Amino acid sequence: QVQLVESGGGLVQVGGSLRLSCAASGSIFSINAMGWYRQAPGKQRELVAAATSGDLTNYADSVKGRFTISRDDAKSTVYLRMDNVKPEDTATYYCASWKLGSLEADYWGQGTQVIVSS
């Protein structure tokens, strides 16, 4: 089992920045990739960004150039730096992890809310 705990959400103004953190514990040796999903009210959950243990990254088109995912494997933590935020970035952000070979996320955090105010 892997436990994921997010932090760093909150209220941010349009054009501002925020950094989300997700700390993993438990069977962290099984983790290959970590990343972030988000779900806005009334919308489907979408993958925002993911990073593998081999430093490969993937971003949703809507956040490319604005968001940056990074990992600190020594701390078993993944970060999402959000710059130049927009109102449409308002959502609950969920941390997720994948085992090697998994197409769907194996573990989820409880979510942290991000509200972008104009």
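Residues numbered from 1 in each chain as written. Predicted model: local features only at pLDDT ≥ 70, side-chain atom pairs only at ≥ 80, totals over all residues. Heavy atoms only, no water.

### A short note on the state of the cysteines
Each disulfide consists of one covalent bond between the sulfur atoms belonging to two cysteines.
Working step 1: In total, this model carries one disulfide according to the counting rule given.
Working step 2: Across the disulfide, Cys 22 is cross-linked to Cys 95 (sulfur-sulfur distance 2.0 Å). As the torsion about the S-S bond is roughly -80°, the Cys 22-Cys 95 disulfide counts as left-handed. Here Cys 95 lies in strand β9 (residues 91-99) and Cys 22 lies in strand β3 (residues 18-26), a separation of 73 residues in the sequence.
Working step 3: Overall, Cys 22 belongs to the buried group, its relative accessible area being 0%.
Working step 4: Classification of Cys 95 by relative accessible area gives buried; the value is 0%. (Disulfide = S-S within 2.5 Å. Helix = DSSP H or I, 4+ residues; strand = E, 2+ residues; numbered from the N terminus. Buried < 20%, exposed > 50% of the residue type's maximum accessible area, 1.4 Å probe, protein only.)

### Remarks on the side chain of Ser 97
Working step 1: Secondary-structure assignment places Ser 97 in strand β9.
Working step 2: Dropping the residues within four chain positions of it, Ser 97 is found in contact with Val 2, Leu 4, Ile 31, Ala 33, Met 34, Ala 105, Asp 106 and Tyr 107. (Contact = heavy atoms within 4.5 Å.)

### Some words on the packing of aromatic side chains
Working step 1: Counted under the stated rule, the structure contains two aromatic pairs.
Working step 2: Centre to centre, the rings of Tyr 37 and Trp 108 are 4.8 Å apart; their planes meet at 50°, and the pair counts as tilted. Residue Tyr 37 is found in strand β4 (residues 31-39), and its partner Trp 108 is found in strand β10 (residues 107-108); the two are separated by 71 residues along the sequence.
Working step 3: Chaining the aromatic ring pairs together yields one cluster made of Tyr 37, Trp 98 and Trp 108.
Working step 4: One residue, Arg 45, lies across the ring of Tyr 37, its end atom 5.6 Å from the ring centre. (Phe/Tyr/Trp six-rings, centres within 6.5 Å; stacked < 30°, edge-to-face > 60°. Lys NZ or Arg CZ within 6 Å of the ring centre and 35° of its normal.)

### A closer look at the sheet that holds strand β7 (residues 67-72)
Working step 1: Pairing within the open sheet is antiparallel, and its four strands lie in the order β1-β3-β8-β7. Two strands in the sheet have a free side with no partner beyond their single neighbour: β1 (2-7) and β7. Taking each pair of neighbouring strands and ignoring which way they run, the sheet shows an average axis angle of 15°.
Working step 2: Pairing analysis gives six bridges linking β1 to β3, with the strands arranged antiparallel. (Pairing = 2+ DSSP bridges. Axes fitted to C-alpha atoms, helices over the stretch in contact; angles between N-to-C directions.)

### Brief notes about the environment of Ser 30
Working step 1: Position of Ser 30 relative to the elements: it lies in the loop between β3 and β4.
Working step 2: Counting along the chain gives 16 residues from Ser 30 to Val 14, while the straight-line C-alpha distance between them is 37 Å.
Working step 3: Excluding anything up to four places from it in sequence, Ser 30 contacts Val 2, Trp 98, Lys 99 and Leu 100.

Read these as geometric descriptors, not functional statements.
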